[in-house]
Amino acid sequence: MINVSFDDVQEYLAWLNAKGQGNFNLPSEAQWEYAARAGSNTQYSWGNSIGKNKANCDGCGSQWDDKETAPVGSFKANAFGLYDMHGNVWEWTQDCWNDSYKGASGNANPRLTGECGYRVVRGGSWFNYSRDLRAAYRSSESRVFRFYSYGFRLSRSAAR
């Protein structure tokens, strides 16, 4: 899903969690990066070079580059079996924006202090350069902003 704001996602989560099929949430920034790296310590889960046709971005070598989103699963999954962690759309995380990690708790919980009118987005999009797709790259956006390059992925824990 694209064209959704952080606040839109929060409304969706409230609706989804009311269904009682589990506890869904946006990943924290730390959880997102852990999932994107998939056990690697390189810029991308597959290495330090963007390569060709491994993601969707401006210059990634796919048929969708700098044109539009690619269908989910168009590229090889990472070592954790997750698709599209690099490129395609920016993904909202639960964290409030902070310029640095100074003062962060050091655990995987979302950081809910700082500039909470802005939230952390990760992953880069189909019209960004490959440097913006690196696992460590982070940016911020207003929580009410909707755009065709913003989307989300959810995590789920067992039903209570």
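Residues numbered from 1 in each chain as written. Predicted model: local features only at pLDDT ≥ 70, side-chain atom pairs only at ≥ 80, totals over all residues. Heavy atoms only, no water.

A.B. asks: Explain the sheet that holds strand E4 (residues 138–142) here, please?
C.D. replies: Whenever strands of a sheet pair, they do so through backbone hydrogen bonds, lying parallel or antiparallel. One open sheet accounts for 4 strands, arranged E4-E3-E2-E5; its pairing is mixed. Lying at the two open borders of the sheet, with one neighbouring strand each, are E4 and strand E5 (150–151). Relative to E4, strand E3 (residues 115–122) runs antiparallel, the two sharing 5 bridges. Across the sheet, the residue bridging to Arg122 is Arg138, located in E4. The strands touched by helix H1 (residues 6–18) are strand E2 (90–97) and E3; relative to E2, the strand with the most contacts, the crossing angle is about 90°. (Pairing = 2+ DSSP bridges. Helix = DSSP H or I, 4+ residues; strand = E, 2+ residues; numbered from the N terminus. Contact = heavy atoms within 4.5 Å. Axes fitted to C-alpha atoms, helices over the stretch in contact; angles between N-to-C directions.)

A.B. asks: Honestly, the state of the cysteines in this entry has me stumped. Any pointers?
C.D. replies: Covalently bonding the sulfur atom of one cysteine to the sulfur atom of another cysteine gives a disulfide. In total, this model carries 2 disulfides according to the counting rule given. Here Cys57 pairs with Cys60 through a disulfide, and the sulfurs are 1.9 Å apart. Disulfide Cys57-Cys60: the torsion about the S-S bond is 100°, which places it as right-handed. A sulfur-sulfur separation of 2.0 Å characterises the disulfide bridge that pairs Cys96 with Cys116. Between Cys96 and Cys116, the S-S dihedral sits near 100°, and the bridge is therefore right-handed. Residue Cys96 is found in strand E2, and its partner Cys116 is found in strand E3; the two are separated by 20 residues along the sequence. Relative accessible area serves as the criterion here: at 1%, Cys96 is assigned to the buried category. The connectivity of the disulfide bonds within the protein can be written as 1-2, 3-4, using the sequence rank of each bonded cysteine. (Disulfide = S-S within 2.5 Å. Buried < 20%, exposed > 50% of the residue type's maximum accessible area, 1.4 Å probe, protein only.)

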